[in-house]
Structures are given as C-alpha cells and as structure tokens.
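Secondary and tertiary structure notes
As a plain string of letters, each chain reads:
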Amino acid sequence: MAANQAPTFESADTKRIGLLVPSSNVVMEVEFYRSLPNDITVHTSHIPRSNQAITPDAMQQTTDNAAGAAAALDQAELHLVVHGHTASSYVAGIQGDIE
C-alpha cells in the first residue's frame, strides 16, 4: 500500500449508498444498516435545520440546506444517493414531495 493511501476494509464488490436525512432524523440510518446486505455500506450526511419541528419553515430550511449536505458526500464515491425526507409530504402533501 502506498504511503498516502488509507487502508480499506471493503471488497471490490462493496457498494456505497449515500443517505441524506434531516439532522433530527435518528431512525433512517439505523434502519438502512439493519436492512441492507453486508456488501453495501451507508454513508450519511445530515441536513442541518434549526429545530425538530415539522413545519413549513423547517421544511424550507431542509430544502435550502440539502445541496450542501449532498456535497459533503462527494468524496465517498457513492453508487447511489437516497434523499430520506418523508416529512415534506406530511406538511404539504404530494406537492411537498414534488417541490
């Protein structure tokens, strides 16, 4: 291994999933690890917002901060990114998900 290369514990077949969730979400990451096969790893980035409330303002903060949280996953060389945010449909219905 080269001096500047970090050791890896993944096999060549390992797949990496990026998970974007609001900072208040403490469930989805655990559920992903428990439900995925051992050859898939989860790399989470939390989308910051000022509180846990499910309000239109909190949904807007999540929308405004999602791109920055996604950019934080860039160097993980992911195969897939999942945006785990179901509260938008709770607050604004189907239109909330579309937006």
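The coordinates are above.
A brief structural summary. These numbers come from a predicted model, not from an experiment.

What counts as what
- Throughout this description, residue numbers start from 1 for each chain and increase along the sequence as written.
- In keeping with the predicted nature of the model, local features appear solely for residues at pLDDT of at least 70, side-chain atom pairs appear and are counted solely at 80 or more, and the whole-chain, interface and lining totals rest on all residues.
- Note that water and hydrogens are dropped before the side-chain values are worked out from all heavy atoms of the structure.
- Every helix listed is a DSSP run of H or I at least four residues long, and every strand listed is a run of E at least two residues long, numbered separately from the N terminus.
- Think of it in three bands: with a 1.4 Å probe and only protein chains considered, a residue is buried below 20% of the maximum accessible area for its type, exposed above 50%, and partly exposed in between.
- In this description, contact between two residues means that some pair of their heavy atoms is separated by no more than 4.5 Å.
- The protein chains shown are the only cover counted for residues, whose accessible areas, like all others here, come from Shrake-Rupley with a 1.4 Å probe.

This part is about the overall build of the protein chain. Scanning the protein chain from N- to C-terminus turns up three helices and three strands. Counting from the amino terminus, helix and strand elements in the protein chain follow one another as β-α-β-α-β-α. Split into buried and exposed, the 99 residues of the protein chain put 27% on the buried side. Taking as baseline every contact in the protein chain between residues at least 6 positions apart, the subset at least 24 positions apart corresponds to 68%. By element, 54% of the accessible surface of the protein chain is carried by carbon and sulfur atoms, the whole surface being about 6,800 Å².

Inspection of the secondary structure assignment puts Val42 in strand β2 (residues 40-47). A C-alpha to C-alpha distance of 7.2 Å links Val42 and Phe32, two positions ten residues apart in sequence. With residues near it in sequence (within four places) discarded, Val42 still touches Ile17, Leu19, Phe32, Tyr33 and Leu36.

Let's shift gears to unusual backbone geometry. For Glu77, which is not a glycine, the phi torsion comes out positive at approximately 50 degrees. Mapped onto the elements, Glu77 comes out in the loop between α2 (56-71) and β3 (80-83).

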